[in-house]
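Commentary on secondary and tertiary structure
If you want the building blocks of each chain, they are given just below.
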Amino acid sequence: GQQLNQSPQSMFIQEGEDVSMNCTSSSIFNTWLWYKQDPGEGPVLLIALYKAGELTSNGRLTAQFGITRKDSFLNISASIPSDVGIYFCAAYDKIIFGKGTRLHILP
Amino acid sequence: SAVISQKPSRDICQRGTSLTIQCQVDSQVTMMFWYRQQPGQSLTLIATANQGSEATYESGFVIDKFPISRPNLTFSTLTVSNLSPEDSSIYLCSVDSGGETQYFGPGTRLLVL
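Residues numbered from 1 in each chain as written. Chains lettered and ligands numbered in written order. Predicted model: local features only at pLDDT ≥ 70, side-chain atom pairs only at ≥ 80, totals over all residues. Heavy atoms only, no water.

Once that is clear, we can look at the state of the cysteines. Scanning all chains against the criterion turns up two disulfides over all chains. Two residues, C23(A) and C89(A), share a disulfide whose sulfurs are 1.7 Å apart. Of this pair, C23(A) sits in strand β3 (residues 19-24) while C89(A) is found in strand β9 (residues 85-92), placing the two residues 66 residues apart along the sequence. For the pair formed by C23(A) and C89(A), the shared burial category is buried. A disulfide-free cysteine, C13(B) has its sulfur positioned 17 Å from the sulfur of C93(B), the nearest such atom. By relative accessible area, C13(B) is classed as buried at 8%. (Disulfide = S-S within 2.5 Å. Helix = DSSP H or I, 4+ residues; strand = E, 2+ residues; numbered from the N terminus. Buried < 20%, exposed > 50% of the residue type's maximum accessible area, 1.4 Å probe, protein only.)

Chain A puts 20 residues into the contact, and the matching count from chain B is 19 residues. When the buried area of chain A at its contact with chain B is split by residue, P43(A), Y92(A) and F97(A) rank highest and sum to 31% of it. Linking chain A with chain B are zero salt bridges. In this assembly, chain A and chain B are joined by ten residue pairs in polar contact (both at pLDDT 80 or more). Going through the elements one at a time, β4 (31-37), β5 (44-49) and β9 of chain A are the ones with two or more residues in the side of chain A that touches chain B. (Contact = heavy atoms within 4.5 Å. Buried area = accessible area lost by both parts, 1.4 Å probe. Salt bridge = Lys/Arg side-chain N within 4 Å of Asp/Glu carboxyl O. Polar contact = N/O pair within 3.5 Å; in protein donor to acceptor, adjacent residues only side chain to side chain.)

Turning to the sheet that holds strand β7 (residues 61-65) of chain A, a few remarks are in order. Residue and element names in this part refer to chain A. Pairing is antiparallel across the open sheet formed by five strands, whose spatial order is β1-β3-β8-β7-β6. The open sheet has two edge strands, β1 (5-7) and β6 (55-58), and neither has a second partner. Adjacent strand axes in the sheet meet at a mean angle of 15°, parallel and antiparallel pairs treated alike. When β6 meets β7, the two strands line up antiparallel, connected through four bridges. If you follow S57 over to β7, its bridge partner there is T62. (Pairing = 2+ DSSP bridges. Axes fitted to C-alpha atoms, helices over the stretch in contact; angles between N-to-C directions.)

Attention now goes to the packing of aromatic side chains. All chains considered together, the criterion is met by seven aromatic pairs over all chains. Grouping aromatic residues by their ring pairs yields a cluster made of Y35(A), F97(A), Y35(B) and F104(B). (Phe/Tyr/Trp six-rings, centres within 6.5 Å; stacked < 30°, edge-to-face > 60°.)

The next thing to look at is the side chain of S27(A). For S27(A), the location among the structural elements is in the loop between β3 and β4. Under the relative-accessibility criterion, S27(A) is labelled buried at 17%.

Right, dumping it as C-alpha cells:
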C-alpha cells in the first residue's frame, strides 16, 4: 500500500541552526501537508501544498511540493527552542502520514 | 480553520470497560475522522464518521470495537469497547471542511490498566 518515508527520524541541532526534513513516496499525491505535534497536544497544521513545484513559506518555515508529486520537504530557519516537537508529513488523496521527525534543540 | 475540542482530555480505565470520547467542532464540517496514535508512533486512521449513516472503517478496525456516532455536522463520538492495555493510546478527531486539509483536536489520552 501507499506509504510515506520521512527522514530523518530524529535530529539534534544547536539553537540557531537551520533544519531540513523530507518526505518521499513511490506514489503520486495531490496534496502535501506538514504538521507539528507538541507533547500532549494534537497535530497543528503548519503548511499545506496543493500544486506540484509549489514553494510556500510560513514565517521561518518553508515547504515545497516536489515536481514529481512524490516528495516534499520542510525547512526551518534559525531554529529556536519552541521548534522542539515532532513534525509529520501527510499526503492526500486518501490521507496518510509519515512516521515523524523528532526535533531536539541543544542549548 | 475550525476549532475542535475533545472530551475527556485523558482517562484511566480498567480493562473490560468502555470509554466514549466526544468531539465538538465550532462550525459545520463535511468530514470528521477518528485516529489512533500509539505511544511514539504516527497517526493511524480508524474511521471516517459519516453524518446520517454508518461510519466507514479502515482495515483492521471494526464497528464492534470502535462504534462511532455522528448525529450532526458538528459532533461525533468514538467509543473504545472492551478495553485492554493494548488500547492505551492517544485518540484524535479531525475535520476536513472540503479542501483536502485536516485540522486536529487536542486528543484524548487513554491508559488502560
